[in-house]
Amino acid sequence: MKQLFLLIILFLGFEGMTQTNEFTLKGKVVDSKTKQSLPYVTVTLQSSNQDKRTVSSDENGVYVFKSPPGSYQLRIELMSYKSLVVPAFSLQKDLILKDVLLEEEVNQLNEVNVVAEKSAVELKLDKKVFNVGKDILSKGGSANDILNNVPSVNVDIAGVVSLRGNNGVTVLINGKPSMLTANNGLSQISAANIEKIEVITNPSAAYEAQGSAGIINIVLKKNSMQGFNGSLQVGVGNPANHNLNANVSYKTEKVNLFSNIGYRYFDVYASNRQFQQNTNNNVVTTLNQYDDNKRNNSIYNIYVGGDYYINAKNTLTGSYYHDRNNNNYKTAYTYRYANAAQTTDSIINRFENYKEPKNYNALELNYVKTFDKKDKKWTTSLQYDFWNDDENQYIDQQKTLPYEPEVSNLYTRDIESSNDIFIKSDFVNPIGENSKIEMGIRSDLRALRSDYHTILDEVLQDQFTNKLKYDENLYSAYIQFGSKIKKFNYLVGLRTELSDIKIADTKNTFSNTKNYINLFPTLHLVYNLNDKTDLQLSYSKRINRPRFWQLNPFSGLSDLRNLTVGNPDLNPMFTNSFELTLLAKPGKFSINPSVYYQHTTNFFEYILQRTAENYFVTTPVNLDTEDRYGVEVSSTYSPANWLRLSLDFNYYKFKQQGTYETVVYDVEDQTWLSNFRSVVKFPKIISGEFSFKYRGKNQGVQSLTEAQYTANIGLNRDFLNDKMSVTLNVNNLFNSQITKQVVSAPLYYLESEFRAQGRYIRLTVIYRFNRKKNEADRLPDSM
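Description of the structure in this document. (Residues numbered from 1 in each chain as written. Predicted model: local features only at pLDDT ≥ 70, side-chain atom pairs only at ≥ 80, totals over all residues. Heavy atoms only, no water.)

### As for the overall build of the protein
- Secondary structure assignment for the protein yields three helices and 47 strands.
- Residue burial in the protein is summarised as follows: out of 783 residues, 53% are buried.
- Long-range contacts, defined as pairs at least 24 residues apart, comprise 65% of the intrachain contacts of the protein with a sequence gap of at least 6.
- For the protein, the accessible surface area stands at approximately 35400 Å², while carbon and sulfur atoms represent 56% of it. (Helix = DSSP H or I, 4+ residues; strand = E, 2+ residues; numbered from the N terminus. Buried < 20%, exposed > 50% of the residue type's maximum accessible area, 1.4 Å probe, protein only. Contact = heavy atoms within 4.5 Å. Areas by Shrake-Rupley, 256 points an atom, 1.4 Å probe, with all protein chains shown as cover.)

As structure tokens, then:
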């Protein structure tokens, strides 16, 4: 820790805010209609004595000049856009100009790809960027809806995110960790506030090494409009999915104040059917199980904060976010047992009432410093999260065949709390015209406590009662160098991470301490074949550390016959990932194929085991190796200005090997995923969007999961000169979100069918005041 803070102090002392006889001029260029940033715009600064200097805007549309005091004017030029001249102005201090709005050339519109109307793909040295356009299906929805529209990304009903069929993916918000990325917390982030999704299958050394499948970074929009502005959003749904959100911002040249208050209520209805066949001493018995679940959530949140522009080079941001989430579940279980003659001889009814209030808080302080040298930048972030939840289960069980009047009462309670500190500092320094060096340090400190106890018929159940302490401290540093040589770009980096993890219980049944330090090299090569096509080759080494819930052996007792418990002795797994990608830049038709290969050691998998009572327990364990290789293709076609078609396809094969408790778990299989989308747009009339997603059959080490498909449709209409938008969505159009699984073993057979939320309809109305249609609310950088 001493070394970490010493490095931070050194950063703080690096290149102070010095005075100079020159001033910094800074501004941004955006599309006049879409308000999206325009990179690589030619910006010319001309003085009153006709001296000229020219720069190009960066990837975020930002341009920077360093000039002596005087009178100047700007000329802005970009192919396919009208040139624009900013009237003469006086530069007597550091100055930030208002955003420059460029208009497209009307006579060239037929040849220009309307990037803002779709999730355009950009290939960068270490990631693919999907710029979120006017995606109708996500309007009024959440981050989950946006992610389900990104190629090869899937979010299931429980909020579990997977990439290319692999759920070993790390989800970040504006490049930072957040507890809201777990436990379906992404459903609390409005889709309207997301600017882009970065899919990083082979992250560079600048990113944390966690996540064998890669990283998904959700980048939120920020308010950039001067003055007072805001929006009000109201939504209703059937089944209940109601939301109310008010957002207000006020921006001047020196400060940007923002606030957001939101409320959401929704119901989810789900069911599970399971058939179980057991063989004991050559006697076959069966169990038919029926579970019906109703879940309702009420979520309140508030967010306040502000940016302070110290000067053109220094910005300080502070914010506070609070979230209150009340989870309530009611589940009815019915167990029907049949003897060897297939005659029902026993029926048990079990009812659970689950309540979980949860409070989440986040305090954040960010500092950004730019320099005279273009693209030179230093950023530092400090974030403190503190949260707690109180999980309560009230379970009644009664035998109705043969009838027994006694009702068994089971009560469990788990009080969890956590204090998390996140510190990060990064420095970028260009070298010459085409090279740059990046370096940074980071620390993630987490202390989680769990107090779990169980009472059965007013008697404390000692075997299900314990207190757990979990401490996870991660320290990391990285350095990477990138350069461009004619048509060739490369980025090479090295990251080191020290992991200090401790888990123990008060009964001393286990006490594990794991300390390890690892090196994670990365390499990214890009070759520009021509002005429309790039070829990229990348490599990275990744790690998957077990999550807390995978280590915690104390779980809820909703269904004693089907328990899932953690394994405190679970070790991390390591992955070497390779990928070759071709990106043809968008035109009327674009195609982006990739081939990839991943080799994982010590990978963990959930293993199902039967107990002596014919109950089943699922536990994560370490197996040996997994090899996964596949092909991914993303394509778009726009035959007309009002129509866009896209098809994404991913095929992969995998081979898993390992032994656990003398049982060999080897499997080799292949499957595929696809997503088809079509968008039609008739200005001033209506816009529509349709999507169809299919996932093929998949054989795991134990279970066979049947194919699954789903379809969504949406309509949108704008009113009052685009001040108001009305969107109607129908999700799960064919009521087809059904997960069917089969587990077959010599002494037992399991067949289950889980039905998630059925067809649901959502109507959303958004009204804006002093805010353009494409300007979104300001939400937390890290949520």
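Continuing now.
### What about the pattern of salt bridges?
- Per the stated rule, a full pass over the model turns up 23 salt bridges.
- One salt bridge in this structure joins D372 and K66, with 3.5 Å as the shortest N-O distance. Placement of the pair is D372 in the loop between β21 (344-370) and β22 (377-401) and K66 in strand β4 (residues 62-67), with a sequence separation of 306 residues.
- When its relative accessible area of 11% is taken as the criterion, K66 is described as buried.
- Between D471 and R449 there is a salt bridge, with its nearest N and O atoms 3.3 Å apart. Taken together, the residues D471 in strand β26 (residues 466-485) and R449 in strand β24 (residues 435-456) connect sequence positions 22 residues apart. (Salt bridge = Lys/Arg side-chain N within 4 Å of Asp/Glu carboxyl O.)

### Details of unusual backbone geometry
- Of the consecutive residues N238 and P239, the connecting peptide bond is found in the cis state with omega at 0°.
- Structurally, P239 can be placed in the loop between β16 (227-238) and β17 (241-251).
- The backbone phi angle of N281 is positive, close to 55°, even though this residue is not glycine.
- Assignment of secondary structure puts N281 in the loop between β18 (255-280) and β19 (283-311).
- For N281, a relative accessible area of 76% translates into the label exposed.
- The phi angle at D457 is positive, at roughly 50°, despite the residue not being glycine.
- Given the relative accessible area of 40%, D457 is considered partly exposed.

### Considering the sheet that holds strand β5 (residues 70-77)
- Here four strands make up an open sheet; going across it, the order is β3-β2-β5-β6 and the pairing antiparallel. Each end of this open sheet is capped by a strand with a single partner; those strands are β3 (52-56) and β6 (84-91). Across the sheet, the axes of successive neighbouring strands diverge by a mean angle of 20°, strand direction being ignored.
- Two strands pair when backbone bridges link them, and β5 and β6 are joined in this way by six bridges, in the antiparallel orientation. Each bridged residue has a counterpart across the sheet, and for I76 the counterpart in β6 is L84. (Pairing = 2+ DSSP bridges. Axes fitted to C-alpha atoms, helices over the stretch in contact; angles between N-to-C directions.)

### Comments concerning the packing of aromatic side chains
- The tally for this structure, following the rule as stated, stands at 24 aromatic pairs.
- Plain terms: the ring middles of Y263 and Y300 are 5.0 Å apart, the flat faces sit at 45° to each other, and that makes the pair tilted. In this pair, Y263 is assigned in strand β18 and Y300 in strand β19, connecting sequence segments 37 residues apart.
- Note on Y263: relative accessible area 32%, which makes it partly exposed.
- Note on F692 and Y709: the rings are 5.8 Å apart at their centroids and 25° apart in plane angle, and the pair reads as stacked. (Phe/Tyr/Trp six-rings, centres within 6.5 Å; stacked < 30°, edge-to-face > 60°.)

### Things to note about the environment of G758
- Within the secondary structure, G758 sits in the loop between β46 (748-755) and β47 (760-769).
- By relative accessible area, which is 17% here, G758 ends up buried.
- With 22 residues separating them in the primary sequence, G758 and S736 have C-alpha atoms 7.6 Å apart.
- For G758, the contacting residues outside a window of four places in its chain are Y269, N731, N732 and N735.

### What about the nonpolar core?
- Formed by 38 residues in total, the largest nonpolar core has its most connected members in Y470, I503, I543, L623 and V701.
- Beyond its immediate chain neighbours, meaning those up to four positions away, V701 contacts E605, I607, L623, Q656, Y665 and V667.
- V132, V150, L163 and I218 belong to the second largest nonpolar core, which has 22 residues in total. (Core = buried A, V, L, I, M, F, W, Y, C linked by side-chain atoms within 4.5 Å.)

### Here we look at the pairing of β24
- Bridge count between strand β23 (residues 408-431) and β24: 22 bridges; the pairing is antiparallel. Bridged to V428 within β24 is E438.
- Hairpin connection of β23 to β24: three residues between the antiparallel strands, including G432 at a positive phi of 70°.
- Relative to β26, β24 runs antiparallel, the two being bridged by 18 bridges. Looking at the pairing, E438 lines up with Q480 of β26.
- Here β24 runs beside strand β25 (residues 459-460); their pairing, made up of two bridges, is antiparallel. Each residue of the ladder has a partner; that of L456, found in β25, is V459.
- The turn joining β24 and β25, which pair antiparallel and follow one another in sequence, is formed by two residues; a positive phi near 50° is taken by D457.

### Examining the sheet that holds strand β34 (residues 616-622)
- Read from one edge to the other, the open sheet built from three strands follows the order β30-β34-β33, with strand pairing classed as mixed. A single partner strand is all that each edge strand has here, and the edge strands are β30 (562-564) and β33 (604-610). Across the sheet, the mean angle from the axis of one strand to that of its neighbour is 30°, orientation sign disregarded.
- Here β33 runs beside β34; their pairing, made up of seven bridges, is antiparallel. The partner of L608 across the bridge, within β34, is T618.

### A look at the side chain of S635
- Here S635 shows up in strand β35 (residues 625-640).
- Setting aside anything within four residues of it in sequence, one finds S635 in contact with S590, I591, L645, S646, L647 and D648.

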